[in-house]
Each structure stands twice: as structure tokens, then as C-alpha cells.
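Close look at the chain arrangement
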Amino acid sequence: MSHYAGPLLTLDVANAFLSARDAGAAGWSGSFDLGRSRGEALLSADAWEWQGERYPYPGKLKDRTIYYWDGASFESVSRFSGSLIKLVPTEWGAPTFEIDGIKMLPTSKESPYDDARRKVALIEPRGKAVLDTCGGLGYFAACCLEAGVARIQSFEKNADVLWLRTINPWSPDPSAPASGGRLQLTHSDVSQAITTIADASVDALLHDPPRFGIAGELYSQVFYDQLARVLRRGGRLFHYTGSPNKLTSGRDVPREVEKRLAKAGFKAQLALDGVLAVRR
């Protein structure tokens, strides 16, 4: 799927250039790609122009929503096929996404992109072959590419999440020159696809599954045994767990993960908001 190249609007961006128009300005300078770059929009009474294309002014926009041009109007970057999946702006530029209103990436203290960079650093990806089990918006993959990974194989089960990636300018494009052919993105369920990966063929692993209640199979002993099989001895794994409240959930998920990984053949310890493990 090719990446979207048109403008992206949020309520704040739209309010800013509409205010400039109402004040009689002929142009407005700002970002139409969620903070990745800045550009100039030319403003006239009935339309605005960006990168040589003319667009009508948007109608009423909602907060916490990103809009893209579908060729006829500005529409929310969201899809519903059993669950509502939506790209959501953050104060940091790089967006998060939600499934049925549940935020999938941490954004309260820092950019989800910077959060991914700190976690990726734990596996030291430079020059390595990395397996990214649950690709999401691709921030782990983007940070691996930035850090000099040799190759990264990424799986994503949800077709709607893959579509969000084609709209999000912060998601890496496997076909872009910047990726250098190092990123392979596959639409597949990693709990099944992992059985096709050769033994000890991966130097490092990133595992960022949905929460346990949604994808329990990705926290199972069977799956962890597969992770141990494909990872070479001495290889590092970072497993995101989040920090579920033990008082409300009745479970200590990070500790459960640590124990299962140890049983699978890892030396594991809690790190950041997950578990860092090394294959014995």
C-alpha cells in the first residue's frame, strides 16, 4: 500500500490557518504532516493551496481527531470493522492510535516515538537482524532503522492498523529510500507465522503485544518457547507489558511474563514498562 502524501489536519492546525485567513493574511506557515515538517499554505477567500494543490476549507472538526483528504472531503483517519480504530494526535507530533477508545501507546509523559526509541536501545539493534512481532504504527521499526539495524522483519495482524500506517507520516514506509530495503512488513498473525522462522535466525527481538485480555496467546508459554527457538543465544528481547494495576486486575503481568520467559530459556528482568531478557 502506498503512503498518503496529502495534508493532515487537526483541530488546532485548522483553527490556526482559518484565523490567519479571517485576519486577512495571504498565507500561513505551519505543519500539515503532524510536525514532521513545515510548509506554507496560500489562503484565499474560498480555498487554500498547499504544495500546488487546492483544497476547500474544512467544516467543523473534532478534537482528538486527525483528518486526511480522500479526494472529495476531509475525513477522519479511522475505520470500523468490528472495532473502531483511530489515529489520534498528541502534543508531541507523533500520533498514537486507539481501538474502541483504548489508547495503544503511552503518550502522557513523552512522545510515543521517543518512548519507542528508549525501548529499542535496550536491544542494541545496530547491525542486527531483528524480529518485531507486533508492528503497530511501526515506531519500533522506525527507531531500529534510525539506529542502523541490518534488517527488521515486522508482523501486523490488523489490516486497519496497516492502513493507519499508510496515512501516518511517522510510520516507516518499507519501500521508501530511507528504509533501504531493510524493513519487511507482513500482514500476518505472528503467533502462527513464527513457526515458519528458522531456528536461531534472529539476533534481537521486540515484542509489543496488545494487552493480555485481547491477545493472551502472545503471552503464552507456547509462544515464548517459539521466541526462544528463533533467537540466537545471547540475543536480547524487550517485551512491553505496560503497568497494569495489580489491585484492579488481580494479576502481576510483568512478573508472570518474567517467569514464563525464564522457563523458555531466557534470563529475564523487569525494565522500563516491560521485561528485558537475554537468551541463555
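Before going into details, it helps to say that this report is about the structure given with it. (Residues numbered from 1 in each chain as written. Predicted model: local features only at pLDDT ≥ 70, side-chain atom pairs only at ≥ 80, totals over all residues. Heavy atoms only, no water.)

**Details of the side chain of Asp132**
- Looking at the element boundaries, Asp132 is found in strand β12 (residues 129–132).
- Of the side chains bearing the opposite charge, Arg165 lies closest to the buried Asp132, which forms no salt bridge; the N-O distance is 5.5 Å.
- In this structure, Asp132 is in contact with Phe140, Ala141, Ile152, Gln153, Ser154, Phe155 and Leu206, ignoring residues within four places of it in sequence. (Helix = DSSP H or I, 4+ residues; strand = E, 2+ residues; numbered from the N terminus. Buried < 20%, exposed > 50% of the residue type's maximum accessible area, 1.4 Å probe, protein only. Lys, Arg positive; Asp, Glu negative; His and termini not counted. Salt bridge = Lys/Arg side-chain N within 4 Å of Asp/Glu carboxyl O. Contact = heavy atoms within 4.5 Å.)

**Focus: the packing of helix α2 (residues 112–121) against helix α3 (residues 139–146)**
- Contact pair α2 / α3: the axes reach a minimum separation of 9 Å and the direction vectors enclose 60 degrees. On the basis of their axis angle, the class for α2 and α3 is oblique. Seen from above, α2 lies across α3 with right-handed handedness. The residues of α3 that touch α2, namely those facing Pro112, Tyr113, Ala116, Arg117, Lys119 and Val120, are Tyr139, Phe140, Ala142, Cys143, Cys144 and Glu146. (Axes fitted to C-alpha atoms, helices over the stretch in contact; angles between N-to-C directions. Parallel < 35°, antiparallel > 145°, perpendicular 65-115°, else oblique. Left-handed = near helix turned anticlockwise from the far one by under 90°.)

**Here we look at the pattern of salt bridges**
- Tallying each qualifying case throughout the model produces 17 salt bridges.
- Between Arg251 and Glu256 there is a salt bridge whose closest N-O contact spans 2.6 Å.
- One network of salt bridges, in which partners are shared, links Glu110, Asp115, Arg118, Lys119 and Asp273.

**Quick word on the environment of Pro106**
- With respect to the helices, strands and loops of the structure, Pro106 is situated in the loop between β11 (102–103) and α2.
- In contact with Pro106, other than residues within four places in its own chain, are Pro112, Asp115 and Lys119.

**Considering the layout of surface pockets**
- Space inside the largest pocket adds up to approximately 1100 Å³.
- Every residue lining the largest pocket is counted, 47 residues in all, and those nearest its centre are Met104, Asp208, Pro209, Pro210 and Arg211.
- Mapped onto the lining of the largest pocket, the elements with two or more residues apiece are β10 (96–99), β11, α2, α3 and β13 (151–156).
- With four residues, the single largest contributor to the lining of the largest pocket is α2.
- In this structure, the second largest pocket spans a volume of roughly 440 Å³.
- In terms of lining residues, the second largest pocket is bounded by 27 residues, among which His3, Arg36, Pro169, Trp170 and Ser171 are the most central.
- Considering only residue class, the lining of the second largest pocket consists of 14 nonpolar, eight polar and five charged. (1 Å grid on protein atoms, 1.4 Å probe; cavity = no way out; pocket = protein on both sides within 12 Å on 5 of 7 lines; lining within 4 Å. Points joined across faces, edges and corners; volume = space filled by probe spheres on them. Nonpolar A, V, L, I, M, F, W, Y, C, P; charged D, E, K, R; others polar.)

**A word on the pairing of strand β9 (residues 84–88)**
- The element β9 is extensively covered by neighbouring structure, given that four of its five residues are classed as buried.
- Bridge analysis of strand β8 (residues 78–80) against β9 gives three bridges, and the strand direction is antiparallel. If you follow Phe80 over to β9, its bridge partner there is Leu84.
- Between β8 and β9, which pair antiparallel and follow one another directly, the connecting turn spans three residues, one of which, Gly82, has a positive phi of 100 degrees. (Pairing = 2+ DSSP bridges.)

**Examining the environment of Asp173**
- For Asp173, the location among the structural elements is in the loop between α4 (159–167) and β14 (183–187).
- Separated by 42 residues in the primary sequence, Asp173 and Leu131 place their C-alpha atoms 17 Å from one another.
- With residues near it in sequence (within four places) discarded, Asp173 still touches His3 and Ser179.
- Within the structure, the side chain of Asp173 is placed 2.8 Å from the side chain of Ser175, a separation counted as a polar contact. (Polar contact = N/O pair within 3.5 Å; in protein donor to acceptor, adjacent residues only side chain to side chain.)

**With respect to the sheet that holds strand β3 (residues 39–43)**
- With antiparallel pairing, the four strands of this open sheet are ordered in space as β2-β3-β4-β5. Because the sheet does not close on itself, it has two edges, and the strands there are β2 (27–30) and β5 (53–55). The average angle at which neighbouring strand axes cross in this sheet is 30 degrees, direction not considered.
- Examined bridge by bridge, strand β4 (residues 48–50) and β5 share three bridges and lie antiparallel to one another. Each bridged residue has a counterpart across the sheet, and for Trp50 the counterpart in β5 is Glu53.
- Across the sheet, helix α1 (residues 11–22) is in contact with β2, β3 and β4; its angle to β2 comes to roughly 155 degrees.

**Quick notes on the nonpolar core**
- Core analysis: the largest hydrophobic core is formed by 35 residues, its most contacted members being Val77, Phe97, Val130, Tyr139, Ile152, Leu164 and Leu206.
- Top contributing element to this core by residue count: α3, with seven residues.
- Every residue in contact with Val130, bar those within four places of it in the chain, is listed here: Ile123, Pro125, Cys144, Val149, Arg151, Ile152, Gln153, Val202, Ala204 and Leu206.
- By size, the runner-up hydrophobic cluster in this structure holds 27 residues, among which are Ile197, Leu237, Val253 and Val257. (Core = buried A, V, L, I, M, F, W, Y, C linked by side-chain atoms within 4.5 Å.)

**What about the packing of helix α6 (residues 221–230) against helix α8 (residues 253–264)?**
- Running from amino to carboxyl end, α6 crosses α8 at an angle of 50 degrees, the nearest separation of the two axes being 9 Å. Here α8 runs oblique to α6, going by the angle between their axes. α6 and α8 meet at a crossing whose hand is right-handed. For the pair formed by α6 and α8, the contact residues are Gln221, Tyr224, Asp225 and Ala228 on the first element and Val257, Arg260, Leu261, Lys263 and Ala264 on the second.

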